[in-house]
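# Breakdown of the fold
Below are the chains, spelled out letter by letter.
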Amino acid sequence: MEDTLKYKKQHNEFRVIIAQAFPDLVQLKKEEDKKSFNELVLKILPEINKYIVGRLNSAIKNGHFSKNKYKPDDFIDQLFIEIYDHIDAFDNQKDFYLWLFKKTNALLEDTIEEEEFDNLFLKNIDIYTKPEWDEMEENYTVDAGGDLLLIEELDDISYNHNDYTLNHVFIENKEDKLVKKLDKELSKERIHTQIAMVLQKLPMAMNTVFELFTNYKFTAKEIAEIRNSSVTEVEKLLEDARKAIRLSFFNRYAINK
C-alpha cells in the first residue's frame, strides 16, 4: 500500500510539472525562443523517458530488435521537434499531457510493430511447473541486469521498481482472501518480479495498456485516445493481462481456486 501511494504521488507530481510548464512553453513558442523552450522541455521529459525505456525493454525481450539498435534519445529527439511544432495547438495542459503520451506511443509503434497475441504462452502458462517458473525468474533477473544499460542512460535505475502490486491484478472482493495470502507469503520483490515476467511475455498492446493504467494512472478512456482505439478494446486488453497474471500466481504457488 505504501509503494502504491508513493508511485501515485510521483505521477501526480509529474502532472503538476506539466501543468506548470505548459503556459511557459506556449509563451516561449510565441517568442520564438527555441533555446529556452528546449531547456524547459528537457525538465519535463524524465517520466516520458522512463516510459520509452520500458517499451524498448519489452520489445528487446520479445525479440523485435537487438539491444543496441534503438536508444531512448532516438525518440526523445523527435519529441522535441513534435512538442515545439504542436504546443500552441492545445487549449489546456490536460490535453497537452494526454497528447504527450499519445505522440510518444505513436513514435514507438512506428518502430515497434504491435505484437500478435502469443497464444502458445497463454496456453502453456497453465502447465508451467514451479521449477520452470523459478528458472524463468532467474533468467529474468539476469536479463534485467543487462537491460539496465538502457536505464543507466537516464541515470535513474529506479525505473526497475514499477508500481506492480497485487491490488492491480486482483480487484474483485471475492479475491480479498487470496490477496492477503499472497501478500503474507510473498515479498514485494517476488510479487513485482512475477507480474513483470508475465507482462514481458504478453503482446505489446496488452503490456502497454497495463502499464499506462497501472504506472501512469490513465483512465481507460484516456488510454483509448492515446492508442487510437476504443474504450472496449482497452478494457479487454487490461482484463486479459490481469487474467494472465492471476493465472500465473495460481499455478506457480499452488493456490486452490
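Just so we're clear, the structure is a prediction, and the values are computed from it rather than from any experiment.

On to the overall build of the chain, then. In terms of regular secondary structure, the chain is built from 12 helices and zero strands. For the chain, the α and β elements follow one another from N to C terminus as α-α-α-α-α-α-α-α-α-α-α-α. Counting the 257 residues in the chain, one finds 50% classified as buried. Just so you have it, the chain exposes about 13,600 Å², and 49% of that area is on carbon and sulfur atoms.

This next bit is on the nonpolar core. Within the largest apolar cluster, 72 residues are counted, with the highest numbers of intra-cluster contacts made by Phe-96, Phe-101 and Phe-249. In this structure Phe-96 touches Ile-18, Phe-22, Leu-25, Ile-44, Ile-83, Ile-87 and Phe-90, once residues within four positions along its chain are discounted.

Applying the stated criterion across every chain yields a total of 13 aromatic pairs. Ring centres of Phe-96 and Trp-99 lie 6.1 Å apart, and the angle between their planes is 20 degrees; this geometry places the pair in the stacked category. Separated by three residues within a single helix, Phe-96 and Trp-99 lie in helix H5 (residues 93–111), roughly one turn from each other. Feature note: the residues Phe-14, Tyr-51, Tyr-97, Phe-101, Tyr-216 and Phe-218 constitute an aromatic cluster, connected by ring pairs. The ring of Phe-218 has Arg-15 lying over it, and the distance from NZ or CZ to the ring centre is 5.4 Å. In this structure, Lys-34 packs its charged tip against the face of Tyr-84, placed 4.7 Å from the ring centre.

Here helix H11 (residues 220–227) crosses helix H12 (residues 231–252) at 105 degrees, and the two axes come no closer than 8 Å. Here H11 is positioned roughly perpendicular relative to H12, judged by the angle of their axes. Touching Ala-220, Lys-221, Ile-223, Ala-224 and Arg-227 of H11 are Val-231, Glu-233, Val-234, Glu-235 and Leu-237, all from H12. Considered class by class, the residues forming the contact of H11 with H12 number six nonpolar, no polar and four charged.

Turning our eyes to something else, we now look at the environment of Leu-56. By the element assignment, Leu-56 lies in helix H3 (residues 46–61). For Leu-56, a relative accessible area of 1% corresponds to the buried category. Considering only alpha carbons, one finds Leu-56 and Thr-111, 55 residues apart in sequence, at a separation of 9.9 Å.

A positive phi is found at Glu-32, a non-glycine position, where the angle reads about 55 degrees. Considering the arrangement of structural elements, one finds Glu-32 in the loop between helix H1 (2–30) and helix H2 (34–44). Given a relative accessible area of 65%, Glu-32 falls into the exposed group.

On to the confidence of the model for the chain. Of all residues in the chain, 72% attain a pLDDT of 70 or more, and the chain-wide mean is 77. Confidence drops under pLDDT 50 across residues 114–120; counting only partners more than four residues distant or on other chains, this segment forms 16 contacts. Contacts of residues 142–161 to residues separated by more than four positions or lying in other chains number 35 contacts, the stretch itself having pLDDT below 50.

Here the focus is the packing of H3 against helix H4 (residues 72–86). Contact pair H3 / H4: the axes reach a minimum separation of 9 Å and the direction vectors enclose 135 degrees. Taken together, the axes of H3 and H4 lie oblique to each other. The two elements H3 and H4 meet at a crossing, and its hand is right-handed. For the pair H3 and H4, the contacting residues are Ile-48, Asn-49, Ile-52, Val-53 and Leu-56 in the first and Pro-72, Phe-75, Ile-76 and Leu-79 in the second. A per-class count over the contact of H3 with H4 returns eight nonpolar, one polar and no charged.

Here we take up the pattern of salt bridges. Under the defined criterion, the tally for this structure stands at seven salt bridges. Here Glu-39 ties to Lys-35 by a salt bridge, and the two come within 2.7 Å at their closest N and O atoms. On the criterion of helical spacing, the pair formed by Glu-39 and Lys-35 is a turn pair, its members being four residues apart in helix H2. Glu-39 sits in the partly exposed class, given a relative accessible area of 41%. In this structure, Arg-246 and Glu-239 form a salt bridge, with 2.7 Å as the shortest nitrogen-oxygen distance. Relative accessible area serves as the criterion here: at 10%, Arg-246 is assigned to the buried category.

Definitions and cut-offs
Residues numbered from 1 in each chain as written. Predicted model: local features only at pLDDT ≥ 70, side-chain atom pairs only at ≥ 80, totals over all residues. Heavy atoms only, no water. Helix = DSSP H or I, 4+ residues; strand = E, 2+ residues; numbered from the N terminus. Buried < 20%, exposed > 50% of the residue type's maximum accessible area, 1.4 Å probe, protein only. Areas by Shrake-Rupley, 256 points an atom, 1.4 Å probe, with all protein chains shown as cover. Core = buried A, V, L, I, M, F, W, Y, C linked by side-chain atoms within 4.5 Å. Contact = heavy atoms within 4.5 Å. Phe/Tyr/Trp six-rings, centres within 6.5 Å; stacked < 30°, edge-to-face > 60°. Lys NZ or Arg CZ within 6 Å of the ring centre and 35° of its normal. Axes fitted to C-alpha atoms, helices over the stretch in contact; angles between N-to-C directions. Parallel < 35°, antiparallel > 145°, perpendicular 65-115°, else oblique. Nonpolar A, V, L, I, M, F, W, Y, C, P; charged D, E, K, R; others polar. pLDDT = per-residue confidence, 0-100. Left-handed = near helix turned anticlockwise from the far one by under 90°. Salt bridge = Lys/Arg side-chain N within 4 Å of Asp/Glu carboxyl O.

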